[in-house]
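Residues per chain, in single letters:
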Amino acid sequence: MQVNENLIKQITAAVLQQIQTELNQPASVDSGSSSLQGRERINPQKTSYKGYPIAQKGTNPKEVVIGVGAAFQREIKKTICGLDLNEVIRNLKAGIEEEGMVPRVVKVLKTSDVSFIGLEAAKLSGSGIGIGLQSKGTAIIHQKDLYPLSNLELFPQAPLMTLETYRKIGQNAAKYVKGEQVTPIKSINDPMVRPKYQVKAALMHIAETEQVDLDMPAIEWEEA
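Quick summary incoming for the structure in this document. (Residues numbered from 1 in each chain as written. Predicted model: local features only at pLDDT ≥ 70, side-chain atom pairs only at ≥ 80, totals over all residues. Heavy atoms only, no water.)

**Some details on the packing of helix α2 (residues 85-98) against helix α4 (residues 163-178)**
Then comes step 1: Put simply, α2 and α4 touch, their axes get as near as 7 Å, and they point 35° apart. The handedness of the crossing between α2 and α4 is right-handed. Mapping the contact onto sequence places Glu87, Val88, Asn91, Leu92, Ala94, Gly95, Ile96 and Glu98 in α2 and Leu163, Tyr166, Arg167, Ile169, Gly170, Gln171 and Ala174 in α4. (Axes fitted to C-alpha atoms, helices over the stretch in contact; angles between N-to-C directions. Helix = DSSP H or I, 4+ residues; strand = E, 2+ residues; numbered from the N terminus. Left-handed = near helix turned anticlockwise from the far one by under 90°. Contact = heavy atoms within 4.5 Å.)

This is how it looks when you write it as structure tokens:
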């Protein structure tokens, strides 16, 4: 089922209007941008990451880098279906470690697109394999020499993800590093998920995009 992107913007604008009406504040959405400006931001302040260690390219051939979104564990603490992001990271790491590989987490600040987050993670990884994770829960396994919109595995239906799924994603990423045959992870498909969660997904994407900083490189991230 294909949903018109303009309809999503209209619904999002209506939700924001209702929220801010209750707060007696004016509200509007810039139709040409996925972010809000000034008082219309979802989060009034933008987090500064100046002083955080800049993520360096790894040298360990067993390393799998997990790249997380700009709002991860700060402005957004749970996925779209309510999974604690601390637990999501723990399960991704556990899956990687169970296959004998080494996880490392970086926060990617220059994009909110899961494909580009995953590719950046892969380029920073000592093995060339990375996992991209948006704060709402969408995930991807990427490889450093692929095009951004190409990938090894994509998990787009965040509302249907479980902690066990994230653990398996970690395991599969590690198997790609080892050059083993990988069985793609079976995921539940529900055509009604997108229309059901489209407003919440749009709001979470706005909140993540608000924190994007095109001038900041990825940083090392170990917050729990």
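From this point, the discussion proceeds with the structure in view.
**Some words on unusual backbone geometry**
Then comes step 1: Even without being a glycine, Gln73 presents a positive backbone phi close to 65°.
Then comes step 2: As for its position among the elements, Gln73 is in the loop between β1 (63-68) and α2.
Then comes step 3: The class of Gln73 is buried, set by a relative accessible area of 5%. (Buried < 20%, exposed > 50% of the residue type's maximum accessible area, 1.4 Å probe, protein only.)

**Describing the side chain of Ser135**
Then comes step 1: Along the chain, the position of Ser135 falls in the loop between β3 (129-133) and β4 (139-143).
Then comes step 2: Take Ser135: its relative accessible area is 0%, and that puts it in the buried class.
Then comes step 3: Looking at Ser135, its side chain comes within polar contact range of the main-chain nitrogen of Phe72, at 3.0 Å.
Then comes step 4: Engagement of the side chain of Ser135 in a polar contact is seen with the side chain of Glu208, the distance being 2.6 Å.
Then comes step 5: In contact with Ser135, not counting residues within four places along its chain, are Gly69, Ala71, Phe72, Ile76, Lys78, Thr79, Leu85, Met204 and Glu208. (Polar contact = N/O pair within 3.5 Å; in protein donor to acceptor, adjacent residues only side chain to side chain.)

**Points about the nonpolar core**
Then comes step 1: If you look at the biggest cluster of nonpolar residues, it comprises 37 residues, and the most contacted ones within it are Leu92, Leu133, Tyr166 and Ile169.
Then comes step 2: Elements with a contribution of two residues or more to this core: β1, α2, β3, β4, α4 and α5 (193-210).
Then comes step 3: Take this core: its biggest share by element is 5 residues, from α2.
Then comes step 4: Other than its neighbours up to four places away in sequence, Leu92 contacts Ile66, Ile131, Leu133, Tyr166, Ile169 and Gly170.
Then comes step 5: Judged by nonpolar contacts, the second largest core, of 8 residues, contains Val65, Val108, Leu124 and Ala218. (Core = buried A, V, L, I, M, F, W, Y, C linked by side-chain atoms within 4.5 Å.)

**Some details on the pairing of β3**
Then comes step 1: Most of β3 sits inside the fold, with 5 of its 5 residues counted as buried.
Then comes step 2: Both faces of β3 are covered, namely the face carrying Ile129, Ile131 and Leu133 and the face carrying Gly130 and Gly132.
Then comes step 3: For β1 and β3, the ladder comprises 4 bridges, and the chain directions are parallel. Looking at the pairing, Ile66 lines up with Ile131 of β3. (Pairing = 2+ DSSP bridges.)

**Describing the pattern of salt bridges**
Then comes step 1: All told, the structure shown has 9 salt bridges when counted by the stated rule.
Then comes step 2: Here Arg104 makes a salt bridge to Glu63, at a shortest N to O gap of 2.8 Å. Within this pair, whereas Arg104 is found in strand β2 (residues 102-107), its partner Glu63 is found in strand β1, the two being separated by 41 residues in sequence. Here Arg104 matches Glu63 in class, with each residue buried.
Then comes step 3: For Glu120, the salt bridge is made with Lys110, and the minimal N-O distance between the two is 3.6 Å. Placement of Glu120 in helix α3 (residues 114-124) and of Lys110 in the loop between β2 and α3 is noted, with a sequence separation of 10 residues between them.
Then comes step 4: Looking at Lys110, the relative accessible area reads 41%, which means it is partly exposed.
Then comes step 5: What you see here is one network of salt bridges that share partners, running through Glu63, Arg104 and Glu220. (Salt bridge = Lys/Arg side-chain N within 4 Å of Asp/Glu carboxyl O.)

**Comments concerning α5**
Then comes step 1: Compared with the 26 Å implied by 1.5 Å per residue over 18 residues, the 25 Å span of α5 between its first and last C-alpha is a close match.
Then comes step 2: All buried positions along α5 are accounted for by Val193, Gln198, Ala201, Ala202, Leu203, Met204, Ile206, Ala207, Glu208, Thr209 and Glu210. (Expected span 1.5 Å × (residues − 1).)

**Quick look at the sheet that holds strand β6 (residues 219-220)**
Then comes step 1: The 6 strands lie next to each other as β5-β4-β3-β1-β2-β6, forming an open sheet whose pairing is mixed. Looking along the sheet, the strands with just one partner apiece sit at the ends: β5 (153-155) and β6.
Then comes step 2: Relative to β4, β3 runs antiparallel, the two sharing 5 bridges. Bridge pairing links Ile131 to Ile141 in β4.
Then comes step 3: This element, α4, spans β1, β3, β4 and β5 of the sheet and lies at about 155° to β3.

**A word on the packing of aromatic side chains**
Then comes step 1: Here the structure, examined in full by the defined rule, presents 3 aromatic pairs.
Then comes step 2: For the pair Tyr49 and Tyr52, a centre-to-centre distance of 5.3 Å together with 75° between the ring planes defines the contact as edge-to-face.
Then comes step 3: The class of Tyr49 is buried, set by a relative accessible area of 4%.
Then comes step 4: Ring centres of Tyr52 and Trp221 lie 6.0 Å apart, and the angle between their planes is 25°; this geometry places the pair in the stacked category. With Tyr52 in the loop between α1 (5-22) and β1 and Trp221 in the segment after β6, this residue pair connects regions lying 169 residues apart in the sequence. (Phe/Tyr/Trp six-rings, centres within 6.5 Å; stacked < 30°, edge-to-face > 60°.)

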